[in-house]
Amino acid sequence: MNDFLLWACVLGPVLLAEGLLARYEVLAYGAGFRAPTTELPEGVPYARGAAADAPPAAYLVYLDGIGKRRVRDTRDGGQLVKAVLAGAPELRVLGQVQPYSPLADPLADRPVWAWLRRHIGLLLFLHNVMQIFVAADHRYRPLYNRAVGSQIATQLQLAGYRPGSGVPVVLLSYSGGAQVATGAADELHTRLRCPLVVITLGGFHNGANDLSRVEQLHRLTSAHDRIERVGTWMFPQRWRLFRGSGWNRARRAGKITVHRLDPATHLGPRSYISREQRLPDGRSLLDRTTDTVISLIRARQDAPAPTDRPVP
C-alpha cells in the first residue's frame, strides 16, 4: 500500500504536468504565437523512394506510434518504412512528420527534453500518450486536426506533391498515429484536393473524426492486440451504439475494411513489425505486414477511384 501511495504521489503530478504541456502546443498554434517548423535537419530528405521528377504511384506518409520523438524514424517504424521502400519503389515515402507535435517540433531535440531523455526517458512516452488524448478531446480536436493536417500537407508539397494532381496520398499509421491520421484527412483534402487512403496498424483512436473525405480505411489488426482492443472499449464513438460517430458513419458507408494479422501483438517479439517471429509460410511478421500494406496500395491503383456512397 505504501508503495502504491508513493507511485501515486510521484506519477500524479507528472501526469498533470504532462497534460498541461500537451495542451500548450495546440493552444500556441491556435493563438498564432508560434508557427510550425517546416525545415528538416541537414541530410534528411523530404521524401524517399520514387524520384520527384515524375508523379509517383502514390505518396505514403508514415505516422508512427508514441515512440516518435525526432525527425528520423524510430527503430520499429524505420524497419517498416525501409521494408515498404524496398518492396514498392514506385512510392514516395515520408516518415518525418511529427504526429504528436502540432508545431512540428521534434520532442527529443528540445534542450529540456534532451536532458529528461537521459535521466527519465519514460516522460517522453508519457508526453506523446497525453498528446493522443489531447487530439481526441472534443475541445482541442478540431484545432489539433487542422495543425497536423497542415503540417502533413506542407511536408507533402515540399516533397513534390502538386495539389489537384490526383496522385493518391496514403496515411499509414501505427498505434496512436491512427488518431492523427483520421483527424488530418479533412485538412489534407482541403489543402491538396487529393484522393486519400488511410491504413491503421493496431490503430488506437477514438472514432470521432469525420472520414467522409477518405476513400477507404483499411484496419490492420489482430485478436492478440490488446492495446488496440482497449481503444475500441474505451471510446464510445467506436461502439456500434453511437451511430452518428465518424467511425460508424464510415463503417455503414462501406469505407472500413478489416484485415486480420493474427497472431501478431501490438508490441514485443511478436509485434506486427517483428523480424524474428515466423509464419508457417516462412515470412516474418514484418514481411507479412509490409506485403499487406503494399498490396492494398497497389489494389487501389488498379481499381477506379470510388465515389462517395450515401450513408443509410
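Residues numbered from 1 in each chain as written. Predicted model: local features only at pLDDT ≥ 70, side-chain atom pairs only at ≥ 80, totals over all residues. Heavy atoms only, no water.

Engineer: Quick question: what am I supposed to make of the confidence of the model for the protein here?
Structural biologist: For any part of a model where pLDDT is low, the fine detail of the predicted coordinates should not be relied upon. Of all residues in the protein, 73% attain a pLDDT of 70 or more, and the chain-wide mean is 82. The element-level mean pLDDT for the protein is lowest in helix α3 (residues 111-119), coming to 51, with strand β6 (residues 216-221) highest at 98. Every residue in residues 3-12 is under pLDDT 50, and counting partners more than four places away or in other chains gives 2 contacts. Contacts for the low-pLDDT stretch residues 307-312, under 50 throughout, to residues beyond four places or in other chains number 12 contacts. (pLDDT = per-residue confidence, 0-100. Helix = DSSP H or I, 4+ residues; strand = E, 2+ residues; numbered from the N terminus. Contact = heavy atoms within 4.5 Å.)

Engineer: Please clarify how the side chain of R238 should be interpreted in this entry.
Structural biologist: Examined against the element boundaries, R238 turns out to sit in the loop between α7 (226-234) and α8 (246-252). No salt bridge is formed by the buried R238; its nearest oppositely charged neighbour, E228, is found at 4.6 Å. A distance of 3.2 Å separates the side chain of R238 from the backbone oxygen of H205, its partner in a polar contact. Setting aside its immediate chain neighbours within four residues, R238 contacts G203, H205, N206, G207, R219, G231, T232, W247 and N248. (Buried < 20%, exposed > 50% of the residue type's maximum accessible area, 1.4 Å probe, protein only. Lys, Arg positive; Asp, Glu negative; His and termini not counted. Salt bridge = Lys/Arg side-chain N within 4 Å of Asp/Glu carboxyl O. Polar contact = N/O pair within 3.5 Å; in protein donor to acceptor, adjacent residues only side chain to side chain.)

Engineer: Sorry if this is basic, but what is going on with the environment of G160 here?
Structural biologist: Structurally, G160 is set in the loop between α5 (141-158) and β4 (169-174). Remark: the alpha-carbon pair of G160 and R92, spanning 68 residues in sequence, is separated by 9.3 Å.

Engineer: How should the sheet that holds strand β5 (residues 196-201) be read in this particular structure?
Structural biologist: Within a sheet, adjacent strands bond to each other through the backbone by hydrogen bonds, running parallel or antiparallel. Taken together, the 7 strands give an open sheet; going across it, the order is β1-β3-β2-β4-β5-β6-β7, and neighbouring strands pair in mixed fashion. Two strands bound the open sheet, and with one partner strand each, they are β1 (48-49) and β7 (256-260). Sheet analysis places strand β2 (residues 58-63) next to β4, joined by 5 bridges and oriented parallel. Pairing of Y62 across the sheet is with L172, part of β4. (Pairing = 2+ DSSP bridges.)

Engineer: Would you mind going over α7 with me for this structure?
Structural biologist: Note that an α-helix has 3.6 residues per turn; residues three or four places apart therefore point the same way. Within the span of α7, buried status applies to E228, G231 and T232. Projected onto a plane normal to the axis of α7, the buried residues spread over an arc of 95° and lie on a single side. Exposed and oriented more than 90 degrees from the buried face of α7 are R226 and W233. Considering only its buried residues, α7 is in contact with β6. Residue D225 occupies the N-cap position of α7, its side-chain oxygen lying 3.2 Å from the main-chain nitrogen of I227. (Arc of directions from axis to C-beta.)

Engineer: I tried to follow the nonpolar core on my own but got confused; where do I start?
Structural biologist: It is characteristic of soluble globular proteins that their nonpolar side chains tend to be buried jointly. Membership of the largest hydrophobic core comes to 38 residues, with the highest contact counts inside it found for V61, I152, L156, V169 and L171. Counting residues per element, the ones that place at least two in this core are β2, α4 (122-136), α5, β4, α6 (177-192), β5 and α8. Of all the elements, α6 adds the most residues to this core, at 6 residues. Among residues more than four places away in sequence, those in contact with V61 are L94, V97, I152, L156, V169, V170, L171 and L172. L60, V170, Y174 and L296 belong to the second largest nonpolar core, which has 29 residues in total. (Core = buried A, V, L, I, M, F, W, Y, C linked by side-chain atoms within 4.5 Å.)

Engineer: Please clarify how unusual backbone geometry should be interpreted in this entry.
Structural biologist: Note on backbone geometry: most residues besides glycine have negative phi, and most peptide bonds are trans. Along the chain, D262 connects to P263 via a cis peptide bond; the corresponding omega equals 5°. Relative to the elements of secondary structure, P263 occurs in the loop between β7 and α9 (285-302). Positioned with a positive phi, R193 is a non-glycine residue whose angle comes to about 50°. Summarising the element assignment, R193 is placed in the loop between α6 and β5.

Engineer: Would you explain the environment of R146 in this entry?
Structural biologist: Among the secondary structure elements, R146 is positioned in helix α5. For the pair formed by R146 and A184, sequence separation is 38 residues and the distance between their alpha carbons is 6.6 Å.

Engineer: Which parts of the structure should I look at to understand α5?
Structural biologist: Between the first and last C-alpha of α5 there are 26 Å, a value that for 18 residues agrees with the 26 Å anticipated at 1.5 Å per step. Within α5, 13 of the 18 residues are buried, leaving the element largely enclosed by the surrounding structure. Phi turns positive, to about 110°, at G160, one or two residues after α5. (Expected span 1.5 Å × (residues − 1).)

Engineer: Before we go on, may I ask you to explain the packing of α5 against α6 in this structure?
Structural biologist: Each pair of packed helices can be summarised by the angle the axes make with each other and by the distance between the axes. Contact geometry for α5 and α6: axes closest at 7 Å, N-to-C directions at 60°. With respect to α6, the element α5 is oriented oblique. Crossing of α5 against α6: the hand is right-handed. Residues R141, Y144, N145, R146, V148, G149, S150, I152, A153, T154, L156 and Q157 of α5 form the contact with α6, whose own contacting residues are Q179, V180, G183, A184, E187, L188, R191 and L192. Of the residues in the contact of α5 with α6, the class split is 9 nonpolar, 7 polar and 4 charged. (Axes fitted to C-alpha atoms, helices over the stretch in contact; angles between N-to-C directions. Parallel < 35°, antiparallel > 145°, perpendicular 65-115°, else oblique. Left-handed = near helix turned anticlockwise from the far one by under 90°. Nonpolar A, V, L, I, M, F, W, Y, C, P; charged D, E, K, R; others polar.)

Engineer: Would you explain the pattern of salt bridges in this entry?
Structural biologist: Side chains carrying opposite charge are able to pair once their charged atoms draw close together. All told, the structure shown has 8 salt bridges when counted by the stated rule. When the shortest N-O distance is used, the salt bridge between D281 and R283 registers 2.9 Å. R283 is paired through a salt bridge with D291; the nearest N and O atoms lie 2.9 Å apart. Among the charged side chains, a salt-bridge network with shared partners connects D281, R283 and D291.

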